[in-house]
Amino acid sequence: MLLELEDVSFTYMEGTPLAQTALRDINVSIQEGEFVGLIGPTGSGKSTLIQHFNGLLIPTRGKVFVEDKEVGVEIKPAETRQKMGLVFQFPENQLFEESVFGDVAFGPRNLGCSEEEIEVRVKKSLEFVGLDYDSFKNRSPFSLSGGEMRRVAIAGVLAMEPKMLILDEPTSGLDSQGREEILSRLEHLHHTESLTIVLVSHDMDEVAHLADRLIVLNEGRILFDDEPRRIFSQAQKLREIGLGVPHVTSLFMSLIDRGMKVPSSLFEVEQAADVIVDMFEEMVR
Ligand code: ADP
Ligand code: MG
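A brief look at the structure comes next. Just so it is clear, the structure is predicted and the values come from calculations on it, not from any experiment.

Considerations on the overall build of the protein chain
A count of helical and extended segments in the protein chain gives twelve helices and ten strands. Taking 19 Å as the expected radius of gyration for a compact globule of 285 residues, we find that the protein chain reaches 21 Å, a close match to that expectation. C-alpha atoms of the protein chain, sized along the principal axes, occupy 70 × 50 × 35 Å. Looking at the protein chain as a whole, 49% of its 285 residues qualify as buried. Intrachain contacts of the protein chain at a sequence separation of at least 6 include 62% that bridge at least 24 residues. Distance between charge centres in the protein chain, computed from 28 positive and 48 negative side chains, equals 3 Å.

Comments concerning helix 1 (residues 46-53)
Of all eight residues in helix 1, seven are buried; the element is thus mostly enclosed. Among all positions in helix 1, only Lys46, Thr48, Leu49, Ile50, Gln51, His52 and Phe53 are buried. Following helix 1 by one or two positions, Gly55 adopts a phi angle in the positive range, close to 80°.

Considering the site of ligand 1
As a structural note, the neighbourhood of ligand 1 is formed by Tyr12, Met13, Gln20, Ala22, Pro41, Thr42, Gly43, Ser44, Gly45, Lys46, Ser47 and Thr48. The separation between an oxygen atom of ligand 1 and a polar main-chain atom of Gly43 is 2.7 Å. Taking Gly45, its main chain carries an N or O atom lying 3.0 Å from an oxygen atom of ligand 1. The fraction of the free accessible surface of ligand 1 (560 Å²) that becomes covered by protein chains is 64%. Put simply, the parts of the chain that give the shell around ligand 1 at least two residues each are strand 2 (20-30) and helix 1. Examining the composition of the shell around ligand 1, we find that three residues originate from one element, helix 1, more than from any other.

Points about the pattern of salt bridges
Scanning the model with the defined rule gives 15 salt bridges in all. In this structure, Glu67 and Lys83 form a salt bridge, with 3.0 Å as the shortest nitrogen-oxygen distance. Residue Glu67 is located in the loop between strand 4 (61-66) and strand 5 (69-70), and its partner Lys83 is located in helix 2 (residues 77-83); the two are separated by 16 residues in the primary sequence. The partly exposed category is assigned to Glu67, whose relative accessible area is 25%. Lys83 sits in the buried class, given a relative accessible area of 17%.

A word on the nonpolar core
Within the largest apolar cluster, 53 residues are counted, with the highest numbers of intra-cluster contacts made by Leu165 and Leu238. The residues that make up this core include at least three from each of domain 1 (1-87 + 162-227) and domain 2 (92-160). Ignoring any residue separated from it by four or fewer positions in sequence, one finds Leu165 in contact with Gly85, Val87, Val157, Leu158, Leu186, Leu189, Leu195, Thr196, Ile197 and Val198. Within the second largest apolar cluster, 27 residues are counted, among which are Leu2, Val36, Ile75 and Met84.

What about the sheet that holds strand 5?
Read across the sheet, four strands follow the order 2-1-4-5 without closing on themselves; strand pairing throughout is antiparallel. Looking at which strands have only one partner, the edges of the open sheet turn out to be strand 2 and strand 5. As defined by bridge partners, strand 1 (residues 3-12) adjoins strand 2 across seven bridges and the pair is classed as antiparallel. Looking at strand 2, one finds that Thr11 is bridged to Thr21.

The rules behind each value
Residues numbered from 1 in each chain as written. Chains lettered and ligands numbered in written order. Predicted model: local features only at pLDDT ≥ 70, side-chain atom pairs only at ≥ 80, totals over all residues. Heavy atoms only, no water. Helix = DSSP H or I, 4+ residues; strand = E, 2+ residues; numbered from the N terminus. Rg over C-alpha atoms; globule rule 2.2 N^0.38 Å. Buried < 20%, exposed > 50% of the residue type's maximum accessible area, 1.4 Å probe, protein only. Contact = heavy atoms within 4.5 Å. Lys, Arg positive; Asp, Glu negative; His and termini not counted. Charge placed at Lys NZ, Arg CZ, Asp CG, Glu CD. Near = heavy atom within 4 Å. Polar contact = N/O pair within 3.5 Å; in protein donor to acceptor, adjacent residues only side chain to side chain. Areas by Shrake-Rupley, 256 points an atom, 1.4 Å probe, with all protein chains shown as cover. Salt bridge = Lys/Arg side-chain N within 4 Å of Asp/Glu carboxyl O. Core = buried A, V, L, I, M, F, W, Y, C linked by side-chain atoms within 4.5 Å. Domains from an automatic or database assignment. Pairing = 2+ DSSP bridges.

Now the structure itself:
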């Protein structure tokens, strides 16, 4: 197993009056090649959880295993951080080099890669995020658009050649074009490189489309861990914790309320289009 969490609980500032328990009894494992969406309301523990995936936080109780080795015991947190690449929220705030090349090269340079190897990795990583190496390598990160800056930051993590790419709300604050560019790149990376991806989001439509599996967090606990279509059939429970269902699902649910015979767990726009076309064909027949 690539990643396994066993009965993990985490409390910030434990033993002080400000103690705040952010995770409770989390059991989860992620296999190589999965695309997992992690979703939950603000404060549900998403960011805390993914920092356990890469050794940045060590559980207050419970264990974390990376490739079957216990983090902090059999594998050092620093090594875990290289294997499990984490892209923080608003990662562009951490760009600081004079050139795009310098920023993407930072990680592999720290790993002790040769200059030749660094160049190969920077080129490959920039291309993965859809930025042309020759036109971007010498530019200042600060001359780029918000979406481009964010893609440079993602390339910096990819250049470490992680086994898993974990992204904390990578589209937040971007316009729809910037979002689409990042999401389509993630989809491409997953398909061409079979890269394992964990995408943190609070947007159901976003994760519904991309992920094969969804983990829903609420108040530090896992509420659901299942295929998207099975989770969206629990619309009421999702609403109770302030999460909706994808737009397409909610459209189909109101059609069902009006007596139409359509599937209730549909969430892909393309599938919905097919169903609607069939409905019309049936009506004119
Ligand atoms: P999410 O990413 O889902 O919004 P977080 O993991 O950031 O949730 O937060 C989970 C809980 O932990 C919240 O109650 C939050 O207030 C608390 N928390 C997060 N970071 C810290 C911190 N550095 N110190 C103390 N409490 C924190
Ligand atoms: Mg967060």
